[in-house]
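# Structural description and commentary
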Amino acid sequence: MAATVAELTLRSSRRTRPRPPAALVVGLIILVASFALAAAPGVFAPYDPLAFDYVNLLKPPSAAHLLGTDNFGRDVLSRTIWAYRIDMQIAIFATLPALLVGCLVGALVGYYGGWPDTLFERLVDAVITFPFLVLVIVIVGVLGPGLLNMYIAVGVVGWVFYARLLRGEFRVQKARDYVAAARAMGYNDGRIILRHLLPNAITPIIVYWMTDMALGILLGSSLGYLGLGAQPPDAEWGVLIADGKNFMTTAWWISVFPGVAIVVTGLGFSLLGDGLADLLRPRR
């Protein structure tokens, strides 16, 4: 009888063991492939992305050029693959500084409150009054075009949203019994913040970061299209779309395939974020 009960318990635990959501798996596959292309574009690209070929101008997709060529005879597939290197950098470097600064500020104002918290609320009200993209364009316009200035602009504006999210989580977690118990045991503020509050409040931040990286790629491509992000002749999806905007009726492939790469990569980050949210959601 004891063996039977143990066997039933084991089977029950196997049934209730959380499985990775399908969205998480698909998102991971897309992003692993994307980072592989970004890490070694020369291995996968069949041609030099900057090499002109005046014999093959505006050629449609074919066996020789799977995604066709642009108005300079450059292979669109090779340029799209090499663009992964820059766009995946944008996804990370445009969001990571905002993540770190926002978590630091959000943890402090959420834990201590007081006048810094009130001042932070006024800052949030001022920032969200203006569209995010408009603020970034204004800052980049002042600093000048280029990836570094784009990273600075996104970091200056974007940290507020991470701080706002973590502040709210800290205010909820701070009212829990385990925080009162930690204080009763004499733990200092640093230990309570780093070892107790942050692990219990970080899940929404991670999920938001995944989504923000997808938005970072869209932002980088938008600024590249406007001439404020990556600069030609560097291969970047927004730049590639801008290169083909005058040929949409005659050579649609120049702009369409980089656009597909943006959608697929952004979908990978979004699916990963949704999968992590399902996986990390507390189960009762």
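For the structure itself, consult the block above.
Attention in this report is confined to the structure presented alongside it.

Here is what the cut-offs are and how they apply
- In this numbering scheme, every chain counts its residues from 1 along its sequence in written order.
- Confidence filtering applies because this is a predicted model: local features only for residues at pLDDT of at least 70, side-chain atom pairs given and counted only at 80 or more, and all residues used for totals across whole chains, interfaces and linings.
- The side-chain quantities take in all heavy atoms of the structure and omit both hydrogens and water.
- Only runs of H or I of at least four residues qualify as helices and only runs of E of at least two qualify as strands under DSSP, and these elements are numbered from the N terminus.
- It is over C-alpha atoms that the radius of gyration is taken, and the globule rule equals 2.2 Å times the number of residues to the power 0.38.
- Classification of ring pairs rests on two measures: the distance between centres of Phe, Tyr or Trp rings, Trp counted by its six-membered ring, which must be within 6.5 Å, and the angle between planes, read as stacked under 30 degrees, edge-to-face over 60 and tilted in between.
- Relative accessible area decides the class of each residue, using a 1.4 Å probe on protein chains only: under 20% of the type maximum gives buried, over 50% gives exposed, and in between gives partly exposed.
- Put simply, a charge is over a ring when the Lys NZ or the Arg CZ is close to the ring centre, within 6 Å, and near the line of the ring normal, within 35 degrees.
- It only takes one pair of heavy atoms within 4.5 Å for two residues to be counted as in contact.
- For this analysis, a nonpolar core means a set of buried residues of the types Ala, Val, Leu, Ile, Met, Phe, Trp, Tyr and Cys, connected via side-chain atoms within 4.5 Å.
- Note on definitions: salt bridges are taken to be side-chain nitrogens of Lys or Arg within 4 Å of carboxyl oxygens of Asp or Glu.

### Some points on the overall build of the chain
- A tally of helices and strands in the chain yields 13 helices and zero strands.
- When the elements of the chain are put in sequence order from the N terminus, they spell out α-α-α-α-α-α-α-α-α-α-α-α-α.
- Relative to its length of 284 residues, the chain is extended, with a C-alpha radius of gyration of 24 Å against a globular reference of 19 Å.
- For the chain, the C-alpha atoms occupy an extent of roughly 75 × 60 × 30 Å along the three principal directions.

### Details of unusual backbone geometry
- Note the cis peptide between proline 232 and proline 233, where omega equals 10 degrees.
- Position of proline 233 relative to the elements: it lies in the loop between α11 (203-226) and α12 (237-243).
- A positive phi angle is found at leucine 58, which is not glycine, with a value near 55 degrees.
- Within the secondary structure, leucine 58 sits in the loop between α3 (41-44) and α4 (76-93).

### As for the packing of aromatic side chains
- Counted according to the given criterion, the structure contains 10 aromatic pairs.
- Consider the rings of phenylalanine 52 and tyrosine 54, whose centres lie 5.9 Å apart with planes at 85 degrees: the pair is edge-to-face.
- Looking at phenylalanine 52, the relative accessible area reads 44%, which means it is partly exposed.
- A residue is classified by how much of its surface remains accessible, and tyrosine 54, at 55% relative accessible area, is exposed.
- Here a set of aromatic residues connected by ring pairs shows up, and it is made of Phe52, Tyr54 and Phe72.
- Over the face of the ring belonging to tyrosine 187 we find arginine 191, whose NZ or CZ atom lies 4.0 Å from the ring centre.
- Of note, lysine 245 hangs over the ring of tyrosine 225, and the distance from its end group to the ring centre comes to 5.5 Å.

### Description of the environment of tyrosine 111
- Relative to the helices and strands, tyrosine 111 resides in helix α5 (residues 96-112).
- When the C-alpha positions of tyrosine 111 and histidine 196 are compared, they lie 12 Å apart, and in sequence the two are 85 residues distant.
- Beyond its immediate chain neighbours, meaning those up to four positions away, tyrosine 111 contacts Phe170, Lys174, Arg183, Asp189, Ile192, Ile193 and Leu197.

### Examining the nonpolar core
- Core analysis: the biggest nonpolar cluster contains 29 residues, and Tyr84, Met88, Ile217, Trp237, Phe269, Leu272 and Leu276 have the highest contact counts within it.
- The set of elements that each furnish at least two residues to this core consists of α2 (22-39), α4, α11, α12 and α13 (253-280).
- Ignoring sequence-local partners within four residues, the contact set of leucine 272 consists of Ala23, Leu24, Gly27, Leu28, Leu31 and Met210.
- Within the second largest apolar cluster, 23 residues are counted, among which are Ala107, Tyr162, Ile192 and Ala201.

### What about the pattern of salt bridges?
- Evaluated as defined, the whole model comprises nine salt bridges.
- Close ionic contact of aspartate 125 with arginine 122 constitutes a salt bridge, the shortest N to O distance being 3.2 Å. With aspartate 125 and arginine 122 both in helix α6 (residues 114-127), this residue pair falls three residues apart, about one helical turn.

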